Amino acid sequence: MMTENEYYQTIDRHGFAEFKDRGSRFMAHAFPMITPDDFKQQLQLLKKEHPKAVHHCFAYRLGLDGHQFRVSDDGEPSGSAGKPILGQIDSKGLTDTGVIVVRYFGGTLLGVPGLINAYKSSAAMALQMIPVIQKPVEIIYDVNFDYTTMNEVMMVVKQFNCSVLHQEMQLFCLLKIGIPKSRLDEVLYRFKELHTVTIQKSK
């Protein structure tokens, strides 16, 4: 049975929408992300793709508790871009999600209310292009084992839908895995049955 703290809402693909107002074009790109580095890579790609754009405003929210977030008005009046974009991410209850809105200025001033509406609308349109999905909350563990135990270890990983985040396969092997919170006790029990396996919560 699903409980609220075992799942979270996010997106799993890119979405794009364009909003126009009095000659200005607002091109919104919504995308899934896990780390700030993911976001930086996406921002650099868009800056290369749109080098003549006057503003690249954005917002993102990360983490299961949603406490990690960032907004940027990128030269627009304070509070007119980043916060309205973040508001659209929050209105859908999303995390691990970023939205960048690229603006080409059309020559007519929109004023702060107009900018707020434009950034809010373009972000909302981009997010509407992507279905919201539920993903299981995962607890990260390090699994150390002898190479001869690989088949048994991978069977547990597959059976309980654990995510493999990192692996080192040599004579002595290391897996960094994400264990669904709802199956944590079962997975730990199964690994403890394998005497050549040690597992500990990742730091």
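For the structure, check the block above.
Source: prediction; values computed, not measured. (Residues numbered from 1 in each chain as written. Predicted model: local features only at pLDDT ≥ 70, side-chain atom pairs only at ≥ 80, totals over all residues. Heavy atoms only, no water.)

Caption draft 1: Quick peek at the packing of helix α2 (residues 82-91) against helix α3 (residues 111-128). Where α2 contacts α3, the two axes come as close as 8 Å, and the packing angle between them is 35 degrees. Helix-helix and strand crossings are classified by hand; for α2 and α3 the assignment is right-handed. On α3, the residues touching Pro 84, Ile 85, Gln 88 and Ile 89 of α2 are Ile 116, Tyr 119, Lys 120, Ala 123, Ala 124 and Leu 127. Considered class by class, the residues forming the contact of α2 with α3 number eight nonpolar, one polar and one charged. (Axes fitted to C-alpha atoms, helices over the stretch in contact; angles between N-to-C directions. Helix = DSSP H or I, 4+ residues; strand = E, 2+ residues; numbered from the N terminus. Left-handed = near helix turned anticlockwise from the far one by under 90°. Contact = heavy atoms within 4.5 Å. Nonpolar A, V, L, I, M, F, W, Y, C, P; charged D, E, K, R; others polar.)

Caption draft 2: Structural view of a nonpolar patch on the surface. Together, Val 54, Phe 105 and Leu 109 make up a nonpolar patch on the protein surface, roughly 320 Å² of accessible area in all. Tracing the chain through its elements places Val 54 in the loop between α1 (36-49) and β4 (55-62). Note on Val 54: relative accessible area 44%, which makes it partly exposed. (Patch = residues over 30% accessible without salt bridge, like charges linked within 9 Å, V, L, I, M, F, W, Y side chains within 5 Å. Areas by Shrake-Rupley, 256 points an atom, 1.4 Å probe, with all protein chains shown as cover. Salt bridge = Lys/Arg side-chain N within 4 Å of Asp/Glu carboxyl O. Buried < 20%, exposed > 50% of the residue type's maximum accessible area, 1.4 Å probe, protein only.)

Caption draft 3: How the structure looks around the sheet that holds β4. If you trace the five strands from one edge of the open sheet to the other, you get β2-β3-β6-β4-β5, paired in antiparallel fashion. Looking at which strands have only one partner, the edges of the open sheet turn out to be β2 (15-21) and β5 (68-72). On average, each strand axis in the sheet is tilted by 15 degrees relative to the strand beside it, whichever way the strands run. Of the strands in this sheet, β3 (24-32), β4, β5 and β6 (97-104) are in contact with α1, which crosses β4 at around 160 degrees. Sheet contacts for α2: β4, β5 and β6; angle to β4, the most-contacted strand, approximately 35 degrees. (Pairing = 2+ DSSP bridges.)

Caption draft 4: Examining the packing of aromatic side chains more closely. Per the stated rule, a full pass over the model turns up five aromatic pairs. Their ring planes at 25 degrees and their centres at 6.0 Å tell us that Phe 31 and Phe 39 sit as a pair that is stacked. With respect to burial, Phe 31 and Phe 39 carry one shared label: buried. For the ring pair Phe 39 and Phe 58, a centre distance of 4.6 Å and an interplane angle of 55 degrees mean the geometry is tilted. Separated by 19 residues along the polypeptide, Phe 39 in helix α1 and Phe 58 in strand β4 bring together distant segments of the chain. In this structure, Phe 39 and Phe 58 share a single accessibility class: buried. Site record: aromatic cluster; members linked through ring pairs are Phe 31, Phe 39, Phe 58 and Tyr 60. (Phe/Tyr/Trp six-rings, centres within 6.5 Å; stacked < 30°, edge-to-face > 60°.)

Caption draft 5: Structural detail: unusual backbone geometry. With phi around 50 degrees, Asp 96 is a residue other than glycine that occupies positive phi space. For Asp 96, a relative accessible area of 13% corresponds to the buried category. Although it is not a glycine, Asn 161 adopts a positive phi angle of roughly 55 degrees. Along the polypeptide, Asn 161 turns up in the loop between α4 (150-159) and β9 (163-168).

Caption draft 6: Just the packing of α4 against helix α5 (residues 184-193), in detail. Between α4 and α5, the least distance of the axes is 11 Å, while the angle of their chain directions is 170 degrees. Compared by their axis directions, α4 and α5 come out roughly antiparallel. On α5, the residues that touch Val 153, Val 156, Val 157 and Gln 159 of α4 are Val 187, Arg 190 and Phe 191. For the contact of α4 with α5, the per-class residue count stands at five nonpolar, one polar and one charged. (Parallel < 35°, antiparallel > 145°, perpendicular 65-115°, else oblique.)

Caption draft 7: Broad picture of the pairing of β4. Counted residue by residue, β4 has eight buried out of eight residues, so it is predominantly covered. What you see with β4 is no split at all: His 55, Cys 57, Ala 59 and Arg 61 on one side and His 56, Phe 58, Tyr 60 and Leu 62 on the other are buried throughout. By the bridge criterion, seven bridges tie β4 to β6 in an arrangement that is antiparallel. Residue pairing across strands places His 55 opposite Arg 103, the latter belonging to β6. Strand direction decides the pairing type here: β4 and β5, joined by five bridges, are antiparallel. Opposite Tyr 60, over in β5, you have Arg 70 as the bridge partner. Between β4 and β5, which pair antiparallel one after the other, the connecting turn spans five residues, and Gly 63 there sits at a positive phi close to 90 degrees.

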